[in-house]
Amino acid sequence: MKTAIADFRDYLETSMRAGGGKVRIETGDVGKGYETTVSADGVVIRAKDDRQAAQALFHLEDVMNLRRAPFLPFGTTRRVPRFSPRMVHSGLKRDAFPHEYLMRLAHAGMDTVLLFIERAGLSACNTHNGTGDEIDCGAFIRRMRDYGFDTYIYLQATGFKHPSDPDAPAFFDDLYGGISKTCPGAKGYIVVDEKCHFPSKDPHVCKWDPKTRRNVDPRDPRPRPAYYPCSDYHDWLKCVTDSILRYSPEAEIVFWTYAFVWAPYEPRMEFIRRMPKDMSLMATFEMGIPYEKRNGFRARVNDYSISEIGPGPFFREQAGEAVRQGLKVYSQANTAGLGWDFGTIPYNPVPYQWRRRWEALCAAQREFNVRGVMECHHYGVWPSFITELEKEAYTVGGIPFDEHILKIAARDFGEANVEKALAAWRGFSDAVRDMPPTYENQYGPFRLGPAFPFNTFGPRQSARAVIPTIITQLLSGAEEIKLGSLTPTRDFNYVKDTANGFYQIFRSEETIGQEINISTQKEISIGQLAEELIRQINPEARIVCDEQRLRPEKSEVNRLLGCNAKIMALTDWRPQYTFEEGI
């Protein structure tokens, strides 16, 4: 609460340049959500608890932002959040939540962060590189609480042990119990099926090698144990949950059926029927939706996408069975502005399509009593005008969408450009529905590639880049050109070659789903680069090494050289400009 009050005061003084005003906060038994009353005597906030009182302060800021002035309308407003928890991953780096970012998330109405844990005291933030970061989970959880967030532990541990093994109790207690002991205060634990590799004895699944992460027999067509609701899955899961709850008896266990969507119907339903009644089910909202695009292309949504609204048939099947079994239902819903369609950008500017997804989630809440949502996956959340709209859509008593988007357009683009902004957003929202969410697309152009342009240079380049830095010094008449390390090498592309590389990749059918470098396959050191610029502009100048410009040893990349064999084999692209010609 102290953090929210400090933020509100700073907002008034810094953003609105306003002081004074009277705000009284009362917390107690006032039902869910909060109520604000604005009168000539000031503002009175009545809230269920400190977290909702903080949201009331943030809402006052939202209203003034839309008004673009420190004015509030008189009257009483009651607002109640539709979903809780609203779980988020960091959009900066796994488990990275600096102050400014947390405040943006809090303003967006999020209330829960996800912490990736591989082993006790070890974050899983770098597991793709085979390493983790040490972390004080208790301190992390306490810090999140200070900002009004709960913490759910996203388990990345690999408990490759069969529950019938003699040493299983000690193994599970050491791994999962160890995690639980080091995470005091965690609100819950996310157990996702694709991480649940164990040596199942079910004949429907293959034998899995945890070291190579592949089938022991590559010719075996059966699914891996984690991707199939095996007959002994619940025995393994009980060992995991018992070990966690032994040290954190109040924690919630949420089982996420991410990969089960490809398993047959009856084993999936039987798995849900056998779930403990105190465990919650999370089902992915849009996964598995069959679709046909306007050009006749047919497929199913294989992962997270906003091109199809949802809910998909697998969500409906699993949520429906969970309701019949009396289980809590959550959804991995990707509603905070991103899916894997364009997973490497801050947000998808398709507000009218997001509106359809939000309305579908609210309808699913009414039908299946969906309690909470996971807002994103590894790509994280980047607060934007999309999360502003989402916050109101997920609030009973929120600002109606059509009214809200008009105010946002006027605030961000000016009154004269409102219709242009709305037209663009409608166009983007219609166009994304033609995006085919296949593996080739989701793991291609906007996730892993296909284009990796190496060091691009040319007109209108940022003045902070090395080439403009040297040119600026030379053109200003400097006789000493100050640089950092001269030995690192780079593969420089002239901007027209880079642009043509994108175009040629776009034209080729052979490049879909491929990771492709746009590079000259030639390297030049920073020292050689500087000498060439000196030769062309002012041969009398000389290079001076400036220690303040030296990068720390671990942050310097000493060599960047790209192989261009693939782009030259799959497209008609060839570099047209040498480095000297580009300069």
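Heads up: the structure comes first, above all this text.
Residues numbered from 1 in each chain as written. Predicted model: local features only at pLDDT ≥ 70, side-chain atom pairs only at ≥ 80, totals over all residues. Heavy atoms only, no water.

**Topic: the overall build of the protein chain**
Formally: The helix count covers DSSP runs of H or I at least four residues long, the strand count covers runs of E at least two residues long, and both are numbered beginning at the N terminus. To get the radius of gyration, use the C-alpha atoms; to get the globule rule, take the number of residues to the power 0.38 and multiply by 2.2 Å. For every residue, the accessible area (1.4 Å probe, protein chains only) is compared with the maximum for its type, and the residue is labelled buried under 20%, exposed over 50%, or partly exposed between those bounds. Should any heavy atoms of two residues lie within 4.5 Å, those residues are counted as being in contact.
Within the protein chain, the regular secondary structure consists of 18 helices and 27 strands. For 583 residues, the compact-globule formula gives about 25 Å, and the C-alpha radius of gyration of the protein chain, at 27 Å, lands near that figure. Principal-axis analysis of the C-alpha atoms places the extent of the protein chain at approximately 80 × 75 × 50 Å. By residue count, 51% of the 583 residues in the protein chain fall in the buried class. Here the analysis covers contacts within the protein chain between residues at least 6 apart in sequence; of these, 75% occur between residues at least 24 apart.

**Brief notes about the pairing of strand β2 (residues 34–39)**
For a regular strand, side-chain orientation follows a simple rule: the groups alternate between the two sheet faces. As a reminder of what qualifies: In this description, strands pair whenever DSSP reports at least two bridges between them.
Because side chains alternate across β2, one face comprises the buried residues Y34, T36 and V38, and the other comprises E35, T37 and S39, none of which is buried. Pairing of β2 with strand β3 (residues 42–47), which is carried by six bridges, proceeds in the antiparallel orientation. Counterpart to V38 in the pairing with β3 is V43. The hairpin turn running from β2 into β3, its antiparallel successor, is two residues long. Looking at chain direction, β2 and strand β4 (residues 75–81) are connected through five bridges and run antiparallel. The residue of β4 that forms the bridge with V38 is G75.

**What about the state of the cysteines?**
To keep things clear, this is the line we draw: Only a pair of cysteine sulfur atoms within 2.5 Å qualifies as a disulfide here.
Following the criterion strictly, the structure yields zero disulfides and no others. Cysteine C239 shares no disulfide, and the gap to the nearest cysteine sulfur, in C196, comes to 12 Å. For C362, which is in no disulfide, the shortest distance to another cysteine sulfur is to C376 and amounts to 18 Å.

**With respect to the pairing of strand β9 (residues 150–155)**
Of all six residues in β9, six are buried; the element is thus mostly enclosed. Across the two faces of β9 the burial is the same, with D150, Y152 and Y154 and T151, I153 and L155 all buried. Bridge count for strand β6 (residues 112–119) against β9 is six bridges, and the pairing is parallel. Each bridged residue has a counterpart across the sheet, and for F116 the counterpart in β9 is Y154. Sheet topology places β9 next to strand β10 (residues 188–192); three bridges connect them, and they run parallel. What sits directly across from I153, in β10, is Y189.

**Notes on unusual backbone geometry**
Each neighbour pair has its own omega, and for S84 with P85 the value is 5°, a cis peptide bond. With respect to the element layout, P85 can be found in the loop between β4 and β5 (86–88). The linkage connecting G310 with the following residue, P311, adopts the cis geometry, with an omega of 5°. Among the secondary structure elements, P311 is positioned in the loop between β16 (298–300) and α8 (313–324). A positive phi angle, near 65°, is found at R460, a position not held by glycine. Note that R460 resides in the loop between β21 (455–457) and α14 (466–475). What makes R460 exposed here is its relative accessible area of 83%. The phi dihedral of Q521 is positive, around 65°, even though this residue is not glycine. Among the structural elements, Q521 can be located in the loop between β25 (516–518) and β26 (524–525). Under the relative-accessibility criterion, Q521 is labelled partly exposed at 41%.

**As for α8**
To be explicit about the condition: Each helix should span, by expectation, one fewer than its residue count multiplied by 1.5 Å.
The terminal C-alpha atoms of α8, which comprises twelve residues, lie 17 Å apart, in line with the 16 Å expected from a rise of 1.5 Å per residue. Taken together, the buried positions of α8 are F314, F315, Q318, A319, G320, E321 and A322. Along its buried surface, α8 packs onto α7 (265–273), β14 (279–284), β16, β17 (329–332), α9 (351–368) and β18 (370–374). G326 sits one or two positions beyond α8 and adopts a positive phi of about 75°.

**What about the nonpolar core?**
Generally speaking, a soluble globular protein has its nonpolar side chains buried in company with each other. Keep this limit in mind: What makes a nonpolar core is a set of buried Ala, Val, Leu, Ile, Met, Phe, Trp, Tyr and Cys residues whose side-chain atoms join them at distances within 4.5 Å.
Y189, I190 and F255 are the most contacted members of the largest nonpolar core, which has 135 residues in total. Membership of the second largest hydrophobic core comes to 15 residues, among which are L474, I481, F492 and Y494.

**Quick word on helix α2 (residues 50–67)**
Owing to its 3.6 residues per turn, the α-helix aligns residues three or four sequence positions apart on the same side. Short version of the rule: Here a polar contact is taken to be a pair of N or O atoms separated by no more than 3.5 Å, where protein atoms must pair a possible hydrogen donor with a possible acceptor and residues adjacent in sequence count only if both atoms sit in side chains.
Here α2 is 18 residues long and its end C-alpha atoms lie 26 Å apart, about the 26 Å a rise of 1.5 Å per residue gives. Of all 18 residues that make up α2, 14 are buried, and the element is covered over most of its length. N-capping of α2 is provided by D49, with a side-chain oxygen placed 3.2 Å from the backbone N of R51. Following α2 by one or two positions, R68 adopts a phi angle in the positive range, close to 60°.

**Here's the deal with the sheet that holds strand β1 (residues 23–27)**
Strand order across the open sheet formed by five strands is β1-β3-β2-β4-β19, with mixed pairing between neighbours. In the strand order of this sheet, the two ends are held by β1 and β19 (395–396), each with one partner.

**Looking at empty space enclosed by the protein**
Threshold: Whether a set of points on the 1 Å grid over the protein atoms alone is a cavity depends on a 1.4 Å probe fitting there but being unable to get out, while an open set qualifies as a pocket with protein on both sides within 12 Å along at least five of seven lines; lining residues are those with an atom within 4 Å of a point. Grid points are joined across faces, edges and corners, and a volume is the space filled by probe spheres set on the points. Note on residue categories: nonpolar means Ala, Val, Leu, Ile, Met, Phe, Trp, Tyr, Cys or Pro, charged means Asp, Glu, Lys or Arg, and polar means any other residue, Gly included.
This model, assessed by the stated rule, comprises one cavity of 30 Å³ or more. Roughly 50 Å³ of internal volume is contained in the largest cavity. As for the largest cavity, its lining consists of L155, A157, Y176, I190, V191, V192, K195, C196, W236 and V240. Among the secondary structure elements, those contributing two or more residues to the lining of the largest cavity are β10 and α6 (233–247). Among the elements that take part in the lining of the largest cavity, β10 stands out by supplying three residues, more than any other. For the lining of the largest cavity, the residue count by class is nine nonpolar, no polar and one charged.

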